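Chains, contacts and geometry: an overview
Below are the chains, spelled out letter by letter.
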Amino acid sequence: MAKIPLSKVFLNDEIRAAAAAALDSGMYILGRECEAFEQELADYTGTRHAVLSSSWTAATILLLQVMELSAGDEVIVPSHTAFPTVEPIILAGAKPVFVDVDDSYCMDPAQVAAAIGPRTVGVMPVHLYGHPADMDAIQQLAERHGLWVFEDCAQAQGAMHRGRRVGSIGFASGFSFYPSKNLTVLGDGGCICTNDDRLADGVRMLRNHGRKSKFTHEKVGYNLRFNEIQAAAGRVALRYLDQLNAHRREVAGHYSRRLGELVVTPPERGWADPVYHMYVIRTPDRDALAAHLSAQGIDTGIHYPVANHQQPAITGLYSELPSLPNTERWVDEILSLPIHGQMSLEEVDRVCDAVISFIE
Ligand SMILES: Cc1ncc(COP(=O)(O)O)c(C=O)c1O
């Protein structure tokens, strides 16, 4: 029986043709395709700027460098997220203050309120698995305490919060085009989005050796640029994003209808139009279920098996770390089932049948 992958990159003849045309253009880095992709990403997100870089991580490191955080500054971040969410905070010299998630797997605003202290400068909500965090509550807290909000949209390209695209709500946001993500570019890639001209200019400069013009370097920067072939591919993929996300929602709906009585299926808040980067269930017998599915050719994943506040890189840095009950319990129960923008409903049924046969 054919294997069912956990995720799949969107690739069609239009993408192949666009990449081939960029290949033949003779221009490979930060040219017309990158410029057009940035404009289209900004228009899609609803921000004045999108600035491409080689990954979410690269773009966010540059952004936090432009924001000039100070040693001892604190940034509130969920522990339950991909480890990269935390890295730019630490690399900027600040301290991540970890909070728990609620059952939407996004940061719990009540915990954010409790974590705000005199050194807090910002909050980094993660729209995990493609479900928007509670941005109304987070923005209100941030405004009351004079904090910035950076949205980690790596898993949520196209998701909406009260009819507004995620990535346009906070002060700035970051997107990833890594091959498993909802919008892909045939390799690594990412961008930040913001309405702030100074931030966008700063990231543009730092990604390209701190250049203002060809031979004037205003800052000591990096080479974290983006390239034309990938931008050309991404521009085509962006035109299909809404359609692919709508299909992900259909897949998720089908899973939830069939599995809702047997396992904990992902909730959808009233304000949210999630885009199901992952479809994550919870069950106490997670490892045995994963083995059962694997034996039937069905790939699964765990996002993520170790809470970030318990990662060796973190416990080695900070002596006092919080206890986060939901995060710590759920890392042993979560299982990501296959989902992507072209998955057939027959494949979804095969996965559901396998889950049901295991549980019953
Ligand atoms: C929530 C989240 N944040 C950040 C990242 C980092 O993205 P990138 O691989 O483009 O640096 C990822 C991807 O793994 C992610 O899932």
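Just so you know, these numbers come straight off a predicted model, no measurement behind them.

**A word on the site of the ligand**
Surveying the vicinity of the ligand reveals 14 residues, the closest of which are Ser55, Trp56, Thr57, Ala154 and Ser176. Of the residues contributing to the shell around the ligand, the split by class is six nonpolar, seven polar and one charged.

**Considerations on the packing of helix α9 (residues 286–295) against helix α12 (residues 345–359)**
One way to put it is that α9 packs onto α12 with a least axis distance of 10 Å and a crossing angle of 130 degrees. By the angle between their axes, α9 is oblique relative to α12. Along this stretch, α9 crosses α12, giving a crossing that reads as right-handed. Every residue of α12 that contacts α9 at Leu289, His292 and Leu293 is listed here: Ala354, Val355 and Phe358. Here the residues of the contact of α9 with α12 sort into five nonpolar, one polar and no charged.

**Things to note about the domain arrangement of the protein chain**
If you check the domain split of the protein chain, you get domain 1 (13–234) and domain 2 (242–359). Using only C-alpha atoms to locate each centre, domain 1 and domain 2 end up separated by 24 Å. Contact residues are listed per partner, giving 26 residues for domain 1 and 26 residues for domain 2. When grouped by side-chain class, the residues that make up the side of domain 1 that touches domain 2 number eleven nonpolar, eleven polar and four charged.

**Overview of unusual backbone geometry**
The residue after His303, namely Tyr304, is reached through a cis peptide bond having omega 20 degrees. With respect to the helices, strands and loops of the structure, Tyr304 is situated in the loop between α9 and α10 (312–315). Even without glycine at this site, Tyr129 takes up a positive phi of about 65 degrees. Looking at the secondary structure, you find Tyr129 in the loop between β4 (120–123) and α6 (135–145). The class of Tyr129 is buried, set by 24 C-beta atoms lying within 10 Å. Although it is not a glycine, Leu186 sits at a positive phi angle of roughly 65 degrees. Relative to the elements of secondary structure, Leu186 occurs in the loop between β8 (172–176) and β9 (190–194).

**Here's the deal with the sheet that holds β9**
As summarised here, the arrangement of the seven strands in space is β1-β9-β8-β5-β4-β2-β3, forming an open sheet in which the pairing is mixed. Both outer strands of the open sheet, β1 (49–53) and β3 (95–99), are each paired with one neighbouring strand and no more. Mean inter-strand twist for the sheet, computed between neighbouring axes without regard to direction, equals 25 degrees. Here five bridges tie strand β2 (residues 74–78) to β3, and the two strands are oriented parallel to one another. Its bridge partner lying in β3, Pro78 is registered against Val99. Contacts between helix α2 (residues 32–45) and the sheet are confined to β1 and β9, with β1 contributing the most and set at about 130 degrees to the helix. Of the strands in this sheet, β1, β8 and β9 touch helix α3 (residues 56–66), which is tilted by about 40 degrees from β9.

Calculation notes
- Residues numbered from 1 in each chain as written.
- Predicted model: local features only at pLDDT ≥ 70, side-chain atom pairs only at ≥ 80, totals over all residues.
- Near = placed C-beta within 6 Å.
- Nonpolar A, V, L, I, M, F, W, Y, C, P; charged D, E, K, R; others polar.
- Axes fitted to C-alpha atoms, helices over the stretch in contact; angles between N-to-C directions.
- Helix = DSSP H or I, 4+ residues; strand = E, 2+ residues; numbered from the N terminus.
- Parallel < 35°, antiparallel > 145°, perpendicular 65-115°, else oblique.
- Left-handed = near helix turned anticlockwise from the far one by under 90°.
- Contact = placed C-beta atoms within 7 Å.
- Domains from an automatic or database assignment.
- Buried ≥ 20, exposed ≤ 12 C-beta atoms within 10 Å, placed from the backbone.
- Pairing = 2+ DSSP bridges.

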